[in-house]
Amino acid sequence: MSSSSYDSRAIEVLSGLDPVRKRPGMYTDTSCPNHLIQEVLDNSVDEALSGHCSKIKVTLCRDGFIQVSDDGRGMPVDIHPEHKVSGVELIMCKLHAGAKFSGKEYNFSGGLHGVGVSVVNALSAELEVKIRRDSKEFQIDFADGEKTKELHQIGEVGVQNSGTTIRFIPNSSYFETDKIQKKHLKHLLKAKAVLCPGLQIDFLDEKKSEKIRWLYEEGLSSYLSESSSDIDLLIDESIVCSKLSDTQEVEFAINWSKNPRKELLNETYVNLIPTLQGGSHFNGFKSGLLEALKEFCEYRNLLPKGLKIAADDVISNSIFVISSKLQNPQFAGQTKERLDSKDHMSFVSSVTKDVLSIWFNKHTEEGEKIAELAINSAQLRAKASKTVERKKSFKGPALPGKLSDCNSEDLNKTELFLVEGDSAGGSAKQARERSFQAIMPLRGKILNTWELESAEIIKSQEIKNLSTAIGVLPGNPDISGLRYGKICILADADSDGLHIATLLCALFLQHYKPLVQQGRIYVSMPPLYRIDCAKEVFYALDDAQRETIVKDLKSRKGKPKINIQRFKGLGEMNPPQLRETVMDPATRQLVNLTISPNDNAHSVMDLLLAKKRAPDRKEWLEKKGSLVKV
């Protein structure tokens with residue numbers, strides 16, 4: 001026990017931008033710097049929403065800097081009466097400082113916490129701000145969030161020339177990669193232009209000499225038409241709606257594809273910020289859409305007896321864009337991926353139902369086509385539900401609570417990962433591809449089943465849960481109920497993990513032999529080490545591979561700095577690392593568990609695990625123990 005006492009001196013107060021540098025993941029997406037660009041961009045877009053900006057330019061500079069420039073009003077340069085520093089310095093260096101709290105300067109805005117651009121400053125190796133206003137141009141410089149040059153005038157500009165230019169280079173130590181995901185960035189810029197009709201957005205990549213300009217005068221309808229140019233749409237003219245109240249607004253455009261497709265435009269925005277996880281506005285939209293269609297179906301007696309349609313049935317095969325604007329929206333986090341404003345949900349639901357009810361009654365023929373799509377989806381869902389229930393159960397038991405199932409039922413695609421521990425299981429759930437990968441966390445070492453009868457091992461709750469998830473009883477030659485095409489053992493790369501993997505291999509060899517014979521069982525090969533050298537990242541499965549990689553890196557010119565991290569377990573790996581190294585079919589390493597008539601797999605496992613072979617095991621260890629590398 002520590003001899004030191006716990007008193008007020010142990011309390012640490014983080015000031016300035018220290019909280020961001022200490023816990024960057026709480027303020028931004030640390031997988032890449034894209035979210036930093038979005039934070040700067042959102043400030044410029046807020047100027048456009050308020051009618052003060054008509055042009056924005058985003059440049060990926062040849063020297064690695066990122067530049068965002070607009071023709072808005074320009075950040076304030078006068079001295080703040082309370083804090084005694086310029087407005088721009090306050091915005092860049094103080095968390096929760098901004099002009100968007102009162103709603104006087106911005107009716108609808110994306111920057112609500114006064115955090116975004118100060119986070120960019122904190123996580124940038126260098127950052128400079130140039131401001132054009134009052135016929136003058138000013139500049140202030142920062143490095144790692146600290147001011148390096150005071151705000152000073154650098155020139156004069158025309159009376160009509162105003163705006164802000166922020167030029168920064170992300171500090172690579174805070175991000176898994178400093179590479180910009182250009183595809184996502186360009187999609188974001190295009191969407192901003194769509195959602196703010198009349199706003200011109202330019203993109204320039206100096207390295208690739210790539211220039212793109214987006215300008216949409218018609219907004220959502222033109223965006224939807226462009227995005228669905230190669231899709232056979234159900235209705236000739238998409239349904240478009242725009243409704244504004246004193247404090248909130250919703251716009252949407254929707255159509256349906258005649259043929260099922262995986263990649264359809266399904267996007268939602270709040271104050272021009274993409275909400276990838278949807279939220280209140282999306283739920284309200286689905287609710288209003290469902291109510292309108294149900295009312296239409298009931299009035300025209302279209303629903304088969306006993307069939308209930310759900311919101312997902314109506315929205316399946318649809319192509320849509322939803323854009324909400326509201327004062328003081330409540331987001332789930334700083335990255336603003338989900339809206340949690342409950343009042344807005346009822347507003348959107350009411351607007352959607354009213355607009356679509358009128359549309360259905362005016363377009364009865366097209367309405368019946370949409371209803372037919374929804375009814376077909378509901379019928380397929382009901383049929384699949386019954387089929388899955390038959391596959392999932394043995395005489396009725398429900399699937400284990402810890403199982404995170406996948407959507408697909410195709411044995412050529414589905415995979416079940418048996419993961420060591422709840423912590424690693426949580427990361428694996430975030431890293432997986434939900435459509436075809438399922439996760440089943442296991443609690444510690446399972447029972448040694450090598451010498452036990454199949455009827456006896458099913459008494460173990462852990463093995464019972466595993467059997468239920470797989471869909472096959474131990475010892476049963478009938479594997480027609482198999483629920484996954486691949487079963488992957490995913491345990492830590494250390495000795496305990498290898499022990500768990502061995503016990504699972506023994507379980508499948510002894511009690512699920514048909515699965516092994518069909519090549520259904522795999523062992524994942526997670527890395528034991530991560531090696532960082534400059535901007536490159538390598539993974540090593542063992543000490544030998546680590547030494548090979550390090551030796552190769554040291555042979556390079558310039559004595560590169562090499563950092564080696566040893567993973568204590570899968571739980572230490574974040575979801576992107578787990579996805580890349582053990583789950584992504586394109587980059588992972590899997591070993592197929594196989595047996596043949598001529599191998600000695602059974603005798604080796606018997607030597608290692610049989611209680612009756614303890615003397616033989618002791619003799620083997622005495623002879624072979626020196627071969628183990630510690």
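Note that the structure is a prediction, hence the values are computed from the model and not measured.

Draft legend 1. Just the overall build of the chain, in detail. Check the secondary structure of the chain and you find 19 helices and 21 strands. Per-residue burial over the chain gives 48% buried out of 630 residues. In the form shown here, the chain has an accessible surface area of approximately 32600 Å², with 48% of it arising from carbon and sulfur atoms.

Draft legend 2. Representation of the environment of Gly-497 within the structure. Mapping Gly-497 onto the fold places it in helix α14 (residues 495–511). The spacing of Gly-497 and Leu-570 is 73 residues in sequence and 9.6 Å in space, taken between C-alpha atoms. Setting aside residues no more than four positions away along its own chain, Gly-497 makes contact with Glu-420, Ala-491 and Asp-492.

Draft legend 3. Expanded view of the nonpolar core. Core analysis: the biggest nonpolar cluster contains 62 residues, and Met-92, Val-129 and Phe-168 have the highest contact counts within it. The dominant element in this core, judged by the number of residues it contributes, is helix α5 (residues 182–195), at 7 residues. Residues contacting Val-129, with those up to four places away along its chain left out, are Met-75, Val-88, Met-92, Phe-138, Gln-139, Ile-140, Phe-142, Thr-164, Thr-165 and Ile-166. Counting residues in hydrophobic clusters, the runner-up holds 39 residues, among them Trp-450, Ile-479, Ala-491 and Leu-504.

Draft legend 4. Quick look at empty space enclosed by the protein. In total, this model carries 2 cavities of 30 Å³ or more according to the counting rule given. Quantified by volume, the largest cavity comes out at close to 60 Å³. What lines the largest cavity is Asp-492, Ala-493, Asp-494, Pro-526, Pro-527, Leu-528, Phe-567, Lys-568, Gly-569, Leu-570 and Met-573. Across the lining of the largest cavity, the residue classes tally to 7 nonpolar, 1 polar and 3 charged.

Draft legend 5. Summary view of the packing of helix α2 (residues 34–49) against α5. At a closest axis distance of 11 Å, the pairing of α2 and α5 adopts a crossing angle of 15°. The angle between the axes of α2 and α5 places the two elements in the roughly parallel class. Crossing of α2 against α5: the hand is right-handed. Residues Asn-34, Ile-37, Gln-38, Leu-41, Asp-42 and Val-45 of α2 form the contact with α5, whose own contacting residues are His-184, Leu-185, Leu-188, Leu-189 and Lys-192.

Draft legend 6. Up close: the confidence of the model for the chain. Here the chain averages 82 in pLDDT, while 89% of its residues score no lower than 70. Here residues 99–114 scores under 50 on pLDDT; set against residues more than four positions off or in separate chains, the count is 46 contacts. Across residues 387–396 the pLDDT falls below 50, and counting only partners more than four positions away or on other chains, this stretch makes 16 contacts in the model.

Draft legend 7. Highlighting the packing of aromatic side chains. By the definition in use, this model includes 7 aromatic pairs. Connected via pairs of aromatic rings, a cluster forms that spans Phe-252, Phe-282, Phe-285 and Phe-320. Sitting over the ring of Phe-65, Arg-167 keeps its end group 4.2 Å from the ring centre. When the ring centre of Tyr-529 is taken as reference, the NZ or CZ atom of Arg-546 above it lies at 4.7 Å.

Draft legend 8. Representation of the sheet that holds strand β13 (residues 318–326) within the structure. Strand order across the open sheet formed by 5 strands is β9-β10-β13-β11-β12, with mixed pairing between neighbours. Since the sheet does not close on itself, it has two edges, and those belong to β9 (239–244) and β12 (273–274), each with one partner. Where β9 and strand β10 (residues 248–256) come together, 6 bridges link them in antiparallel fashion. Bridge assignment links Val-240 to a residue of β10, and that residue is Ala-253. The strands touched by helix α9 (residues 342–362) are β9, β10 and β13; relative to β10, the strand with the most contacts, the crossing angle is about 45°.

What counts and how
Residues numbered from 1 in each chain as written. Predicted model: local features only at pLDDT ≥ 70, side-chain atom pairs only at ≥ 80, totals over all residues. Heavy atoms only, no water. Helix = DSSP H or I, 4+ residues; strand = E, 2+ residues; numbered from the N terminus. Buried < 20%, exposed > 50% of the residue type's maximum accessible area, 1.4 Å probe, protein only. Areas by Shrake-Rupley, 256 points an atom, 1.4 Å probe, with all protein chains shown as cover. Contact = heavy atoms within 4.5 Å. Core = buried A, V, L, I, M, F, W, Y, C linked by side-chain atoms within 4.5 Å. 1 Å grid on protein atoms, 1.4 Å probe; cavity = no way out; pocket = protein on both sides within 12 Å on 5 of 7 lines; lining within 4 Å. Points joined across faces, edges and corners; volume = space filled by probe spheres on them. Nonpolar A, V, L, I, M, F, W, Y, C, P; charged D, E, K, R; others polar. Axes fitted to C-alpha atoms, helices over the stretch in contact; angles between N-to-C directions. Parallel < 35°, antiparallel > 145°, perpendicular 65-115°, else oblique. Left-handed = near helix turned anticlockwise from the far one by under 90°. pLDDT = per-residue confidence, 0-100. Phe/Tyr/Trp six-rings, centres within 6.5 Å; stacked < 30°, edge-to-face > 60°. Lys NZ or Arg CZ within 6 Å of the ring centre and 35° of its normal. Pairing = 2+ DSSP bridges.

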